[in-house]
Amino acid sequence: MNAPLGSALVEGHRVANADPPAPIDNPDASSVRELRFDDGIPGLTGAARYVLQDLTDDGTFQTLICVEDPSVSLVVTSPWLFFPDYAPQVPEVDREVLDLETPEDAIVFCTVVAEDTDELALNLRAPFIVNQRTLSARQVLLEDEDLPLRATVTAEG
Amino acid sequence: MLVLTRRLGESIRIGHDVVVTVVDVRGDQVRIGIDAPREVVVNRQEVYEELVAQNTAAAEGSDQARRVVARFPANARRRLKDDR
């Protein structure tokens with residue numbers, strides 16, 4: 001198994017991981033690992049099957065692509081790359097549905113929207129959470145209303 | 001829209017598995033209790049709508065996001081800061 005792919009906050013304890021997320025697809029395998037969004041992704045096609053692919057060479061950004069309709073894709077990233085203090089509290093019901101037993105079970109990433117030619121907005125309020133043992137995935141709407149749906153980041157200088 | 005009138009403590013059953021109950025009424029606020037299987041997602045409507053809008057923007061703008069991301073030099077990414 002590659003390096004840990006991010007962390008989730010379970011029961012108030014954060015497992016810190018500042019490494020960029022490693023790609024889910026294993027170059028040694030003949031098929032890319034598919035994530036299963038049993039409840040789909042709100043607003044998108046009801047499709048359940050998605051794959052994650054590297055967008056940038058250093059693994060900082062990836063694309064989440066719908067298997068049934070590859071024209072549906074989202075740019076995603078690990079929130080901790082830009083918000084190191086991000087501490088999402090995953091509601092118990094979501095932990096149960098995803099069958100998350102430990103924080104290390106979880107891969108966390110969030111959508112990236114271009115706000116301007118040099119600005120991006122991360123959805124910190126509703127991250128995607130994947131159980132890396134089962135590949136079950138879900139977009140989790142967090143209860144903390146202070147977390148923005150659009151957290152802007154701009155390039156320095 | 002189906003509209004039903006309920007009193008404090010009364011309930012509505014949706015489908016076979018979801019029960020909605022008026023738990024408390026205070027002025028113009030109503031506290032609503034929801035009993036549903038764990039896989040049924042329950043959210044405030046306006047928050048859900050915002051989430052749908054954001055996901056849709058992400059999907060429809062993914063090409064633009066790709067271009068913007070590619071424009072960031074690699075060493076700048078870790079120095080990006082929250083500009084709220």
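See the structure printed just above.
The rules we used
Residues numbered from 1 in each chain as written. Chains lettered and ligands numbered in written order. Predicted model: local features only at pLDDT ≥ 70, side-chain atom pairs only at ≥ 80, totals over all residues. Heavy atoms only, no water. Pairing = 2+ DSSP bridges. Helix = DSSP H or I, 4+ residues; strand = E, 2+ residues; numbered from the N terminus. Axes fitted to C-alpha atoms, helices over the stretch in contact; angles between N-to-C directions. Phe/Tyr/Trp six-rings, centres within 6.5 Å; stacked < 30°, edge-to-face > 60°. Buried < 20%, exposed > 50% of the residue type's maximum accessible area, 1.4 Å probe, protein only. Salt bridge = Lys/Arg side-chain N within 4 Å of Asp/Glu carboxyl O. Contact = heavy atoms within 4.5 Å. Buried area = accessible area lost by both parts, 1.4 Å probe. Polar contact = N/O pair within 3.5 Å; in protein donor to acceptor, adjacent residues only side chain to side chain.

## Brief notes about the sheet that holds strand β2 (residues 18-26) of chain B
As a general point, the strands of a sheet are linked pairwise by backbone hydrogen bonds and lie either parallel or antiparallel.
Residues and elements named next belong to chain B.
Now for step 1: Strands sit in the order β1-β2-β3 across an open sheet of three strands; the sheet is antiparallel. On the outer flanks of this sheet lie β1 (11-14) and β3 (29-35), each paired with one strand and no other. Each adjacent strand pair in this sheet contributes to an overall mean axis angle of 25°, direction not counted.
Now for step 2: Where β1 and β2 come together, four bridges link them in antiparallel fashion. Pairing of Ile-12 across the sheet is with Val-20, part of β2.

## Notes on the packing of aromatic side chains
The relative placement of two aromatic rings is captured by the distance of their centres and the angle of their planes.
All names here are of chain A.
Now for step 1: Evaluation of the coordinates by the stated rule reveals five aromatic pairs over all chains.
Now for step 2: With a centroid separation of 5.7 Å and 90° between ring planes, the pair formed by Phe-37 and Phe-128 is classed as edge-to-face. With Phe-37 in strand β3 (residues 34-37) and Phe-128 in strand β9 (residues 128-131), the pair connects residues that are 91 residues apart, well separated along the chain. By the burial criterion, Phe-37 is buried, and Phe-128 matches it.
Now for step 3: A ring pair is formed by Phe-61 and Phe-82, whose centres lie 5.9 Å apart and whose planes are at 35°; its orientation type is tilted. On the criterion of sequence distance, the pair formed by Phe-61 in strand β5 (residues 61-66) and Phe-82 in the loop between β6 (73-77) and α1 (92-98) is long-range, its members being 21 residues apart.

## Side note on the pattern of salt bridges
Residues and elements named next belong to chain A.
Now for step 1: In total, this model carries eleven salt bridges over all chains according to the counting rule given.
Now for step 2: For Arg-49, the salt bridge is made with Glu-34, and the minimal N-O distance between the two is 2.9 Å. Taken together, the positions of Arg-49 in strand β4 (residues 49-54) and Glu-34 in strand β3 put the pair 15 residues apart, joining distant regions of the chain.
Now for step 3: Residue Arg-49 is classed as partly exposed on the basis of its relative accessible area, which comes to 34%.
Now for step 4: Three or more residues are tied together by salt bridges with common partners; here these are Asp-99, Glu-101, Asp-105 and Arg-133.

## Brief notes about the interface of chain A and chain B
Now for step 1: With 47 residues of chain A at the interface, the matching set in chain B holds 33 residues.
Now for step 2: When chain A packs against chain B, close to 3600 Å² is buried across both sides, 59% of that on carbon and sulfur atoms.
Now for step 3: The tally of links from chain A across to chain B stands at one salt bridge.
Now for step 4: In this structure, Arg-38 of chain B and Glu-96 of chain A form a salt bridge, with 4.0 Å as the shortest nitrogen-oxygen distance.
Now for step 5: Linking chain A to chain B there are five residue pairs in polar contact (both at pLDDT 80 or more).
Now for step 6: Going through the elements one at a time, β5, β6, α1, β7 (106-116), β8 (119-122), β10 (136-139) and β11 (151-154) of chain A are the ones with two or more residues in the side of chain A that touches chain B.
Now for step 7: Looking at the side of chain A that touches chain B element by element, the count peaks at five residues for β7 of chain A.

Without other data, these values stay purely geometric and don't point to any function.
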